[in-house]
Amino acid sequence: MRRGARLRRAGRAIAAWIVVLGLMLPFLWMVLGSFKTARDFLSYPPVWVFVPTLDNYAQVFADNAFARYVLNSTIVAAGSTGIGLLLGIPAAYAMARWRRTAVGIVLLAARMAPGIAFLIPLFIACLELHLVGGYTSLIASHLIFTLPLAVWMMVGFIEAVPVELEQAALIDGCSVPGALLRVTVPLTRQGIAATAILAFIASWNNFLFALVLSNDNTKTLPVAVLGYIGYNSIQWGALMAAASVITLPVLALALCVQRFIVRGLVSGAVTG
Amino acid sequence: MVALATRRADAAAVPRRRKWRRDWTPDLLLAPALIAVAAVMGFPLVYLVYMSLHKWALIGYAAPEFVGVANFTALLDDDRFTGSLWRTLYFTALGLVTNLPAGLGIALLLNREFFGRSVLRALLIFPMVATPVAMGLVWVVMLDPSLGIVRYLFGLVGIANPPLWLSDTDWVVPTLVAVDGWMWTPMVALICSAGLASLPTEPFEAAIVDGASAWQRFRYLTLPLLMPILLVAAMLRLMDLLKVIDIVYVMTGGGPAHASETINLYNYLVALSYGKIGYGAAVALVLFALVLAATLGLVRLRSAS
C-alpha cells in the first residue's frame, strides 16, 4: 500500500515532467533552428546534433531595418506602458480608496471587445489626422490594453497598502496627491514594476494594431517578422533567429514577474 | 407651521451642504484616465456604430452614404460571413472542450510537491507570454508536411502519413486549435492550480476516512469545489477563442479556400483589406455582441451553480 502510493507519486511527477518539457519543444526547436545551416534545416529526418552556425543571426542583424524594428517595438512598448501607468495609477488609487467601481465595468468592456472594433474607427480617424505610420497612433492604440491592465493590477496592489499610512500622511499636512506619491507609490513599487513588465510584454506582442497603424519605418517586430515568409521562399534559419530575438527577451522578463502573469492576463493583456 | 418650515429648510440645507462639501479628489484622480479611455475607446466605439449605418468605402472618393441597417441585413446573405461565424463557433467549442480538461489535468499533476515542481510551474508561463506571431511561424515550420518535426514525431509512433495539417481543409481548424491550445492551456492549468491550492483540506480527509476512492474524491469533491475557478478559466478562454485572429492570420491567412477564416479575420479582411468600412463595422459590432452575449451567458451559468 505504502509502496503503491509512492510509486503513484513518482509516476505523477514523471508524467508532469514529460508533459511540461513536451510543451517546451517549440522553443527548443526555434532556438536549435536559429543555429542551423540551410542544409541542416532541410534534412529529414530532422537533425538534433549539428555544427551550429551564427550566420542566421548575422543575416538578421546585417539587415539595418531589423535593428530599427527592435527600436520601434521598444519605443511603442515603453511609451504605452509609461503613459498607461501614469494615467492608471491615480485612477487605480481613486478606485481602491473611494470604491469607484463603475470605472471597472467600462474597463471590463474593453477586455471583451475585439481589437478590430477599436481598430477600424481608429484607423479612419488616424487617416484623417495624418497619424497613420507615426508612433503617436501606435502608442495611443496600445493604451487600449495597457491602461486597463495598469488599472486592474494596481487596484489590487494599492488595496494591500494599509490606509492608515496614508491617513497619517494626510494628518501631517500632506495633500492627497502628495500622499499617493510619497506613501502609496513607494510602498507598491514592486507591484508597479510587475505591472510595467506585463504591460510592456502585452504591447511588444501586439500584432493587429501595429499591422494596420504602422508603416515601413515604424513597423514593430511582430509585423516585421512576417517579412521572412515570402510567397515562395521562406528563409527558415533567419526566421527562427528573428523569432528567437523577439521571444527570448519576453520569456526572461516574464520569469521576473512569474507570480503575477496569470493576474495580468486575466486583467486584459490580450485583445484579438 | 414654523417648525415645519424649519424642518423643510433643514432638509433643503443638508443636500446643499453635502454638494458644497462634495469631495472632488477621486474625480480629479480619475479624470486623466477617463479622458484617455474616452479618446481611444469610447470615441471609436461610437464612431463604429455610426460607420456601421453607412455605405462607406475606403477606396475612392465617394462620401459615406447613410443606409440604415442595410449592412446588418446584408450579413445574413453573406455566405463568407455566415461560414466564418459557424467556423468560429466550431473553433471555440473545440478549444473549450480540449483546453479545460487538459489544463485541469496538468494542474492535478502539479498539485502535489515533487522534485522540480516550481521549475515546471515557471516553464508553464512561457507559451502564453511568447509573442504569438513569432510562435505561430515557428509552428508553421514544425508542421511542414514534408520536413516538419511534427510529421517526424508522428512517424516515431507509427503514423507514417499524418494529415497535411494546415493544408488540409478538414484539419486546418483542429490544427489551429491545437496551436492556440498550446499557448493557452498552460494558463488554464495555472488558474486551476491556484484554485486547487486554495481548496479546504477537511472534506478530503473526511472522504479518505470514509474510504472514498481517488476517482470519487475527484468527482464529488474536487470538481464541484473547483467549479467557480473552472468557470473563470472558461470565461477567459471563451472571450479569446471567439476573437482568435493573430495566429490564423500568420499561419494560414484564412486558407486553404477560406477553411480557417474566423469571423475576426474576415472582419479584418473586409474592413481593412477590401476597404468596406461600413460593412466591416457591422461585422465588428456583431462580433462584439457575440463575445458579450457568450460571456454574460457564462456569468449567469456561474451565478446559477
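Residues numbered from 1 in each chain as written. Chains lettered and ligands numbered in written order. Predicted model: local features only at pLDDT ≥ 70, side-chain atom pairs only at ≥ 80, totals over all residues.

### Things to note about the confidence of the model for chain B
Residues and elements named next belong to chain B.
Piece 1. When the pLDDT values of chain B are averaged, the result is 89; 93% of them are 70 or greater.
Piece 2. Ranking the elements of chain B by mean pLDDT puts helix 1 (residues 2-20) last with 44 and helix 4 (residues 79-109) first with 97.
Piece 3. For residues 1-18, every residue scores under 50 in pLDDT, and the model assigns this stretch zero contacts once sequence neighbours within four places are set aside. (pLDDT = per-residue confidence, 0-100. Helix = DSSP H or I, 4+ residues; strand = E, 2+ residues; numbered from the N terminus. Contact = placed C-beta atoms within 7 Å.)

### Considerations on the interface of chain B and chain A
Piece 1. Between chain B and chain A, the contact holds 72 residues from the first and 75 residues from the second.
Piece 2. Top element by residues in the side of chain B that touches chain A is helix 2 (residues 25-52) of chain B. It accounts for 15 residues.
Piece 3. Of the residues in the side of chain B that touches chain A, the class split is 61 nonpolar, seven polar and four charged. (Nonpolar A, V, L, I, M, F, W, Y, C, P; charged D, E, K, R; others polar.)

### Concerning the packing of helix 5 (residues 64-98) of chain A against helix 11 (residues 189-205) of chain A
All names here are of chain A.
Piece 1. Across the interface, helix 5 lies against helix 11 with an axial gap of 8 Å and an inter-helix angle of 135°. Between helix 5 and helix 11, the angle falls in the class oblique. Seen along the crossing, helix 5 lies across helix 11 with a hand that is right-handed. Taking contact as the criterion, the partners of Ser73, Val76, Ala77, Ser80, Thr81, Gly84 and Leu85 in helix 5 are, on helix 11, Ile192, Thr195, Ala196, Ala199, Phe200, Ser203 and Trp204. (Axes fitted to C-alpha atoms, helices over the stretch in contact; angles between N-to-C directions. Parallel < 35°, antiparallel > 145°, perpendicular 65-115°, else oblique. Left-handed = near helix turned anticlockwise from the far one by under 90°.)

### Considering the packing of helix 4 of chain B against helix 11 (residues 214-242) of chain B
All names here are of chain B.
Piece 1. Look at helix 4 against helix 11: their axes get within 9 Å of each other, and the N-to-C directions meet at 145°. Crossing geometry of helix 4 relative to helix 11 is assigned as right-handed. Listed contacts from helix 11 to Thr88, Phe91, Thr92, Gly95, Leu96, Asn99, Leu100 and Gly103 of helix 4 are Leu230, Ala233, Ala234, Arg237, Leu238, Leu241 and Leu242.

### Let's talk about helix 5 of chain A
Residues and elements named next belong to chain A.
Piece 1. With 35 residues, helix 5 ought to run about 51 Å at 1.5 Å a step, and its terminal C-alpha atoms sit 51 Å apart, in line with that.
Piece 2. At glycine 88, helix 5 is deflected by roughly 30°, the largest bend along its length, and proline proline 90 occurs up to four residues later in sequence.
Piece 3. Following helix 5 by one or two positions, arginine 99 adopts a phi angle in the positive range, close to 55°. (Expected span 1.5 Å × (residues − 1). Bend = angle between axes of the 7 residues up to and from the residue.)

### A short note on the nonpolar core
Piece 1. The biggest cluster of nonpolar side chains holds 176 residues, and the ones touching the most others in it are A:Ile120, A:Val151 and B:Val138.
Piece 2. Among the elements that make up this core, the one with the highest residue count is helix 8 (residues 135-159) of chain A (16 residues).
Piece 3. Setting aside its immediate chain neighbours within four residues, A:Val151 contacts A:Gly88, A:Ala91, A:Ala92, A:Met95, A:Leu107 and B:Ala33. (Core = buried A, V, L, I, M, F, W, Y, C linked by C-beta atoms within 7 Å. Buried ≥ 20, exposed ≤ 12 C-beta atoms within 10 Å, placed from the backbone.)

### Quick notes on unusual backbone geometry
In most cases, non-glycine residues show a negative phi, while peptide bonds are predominantly trans.
Piece 1. Residue A:Pro45 is reached from A:Tyr44 by a cis peptide bond, and omega for that bond is 0°.
Piece 2. Residue placement: A:Pro45 occurs in the loop between helix 3 (38-41) and helix 4 (55-62).
Piece 3. With an omega dihedral of -5°, the bond running from B:Gly255 to B:Pro256 counts as a cis peptide bond.
Piece 4. Counting through the fold element by element, B:Pro256 comes out in the loop between helix 12 (246-251) and helix 13 (263-273).
Piece 5. Positioned with a positive phi, B:Trp165 is a non-glycine residue whose angle comes to about 50°.

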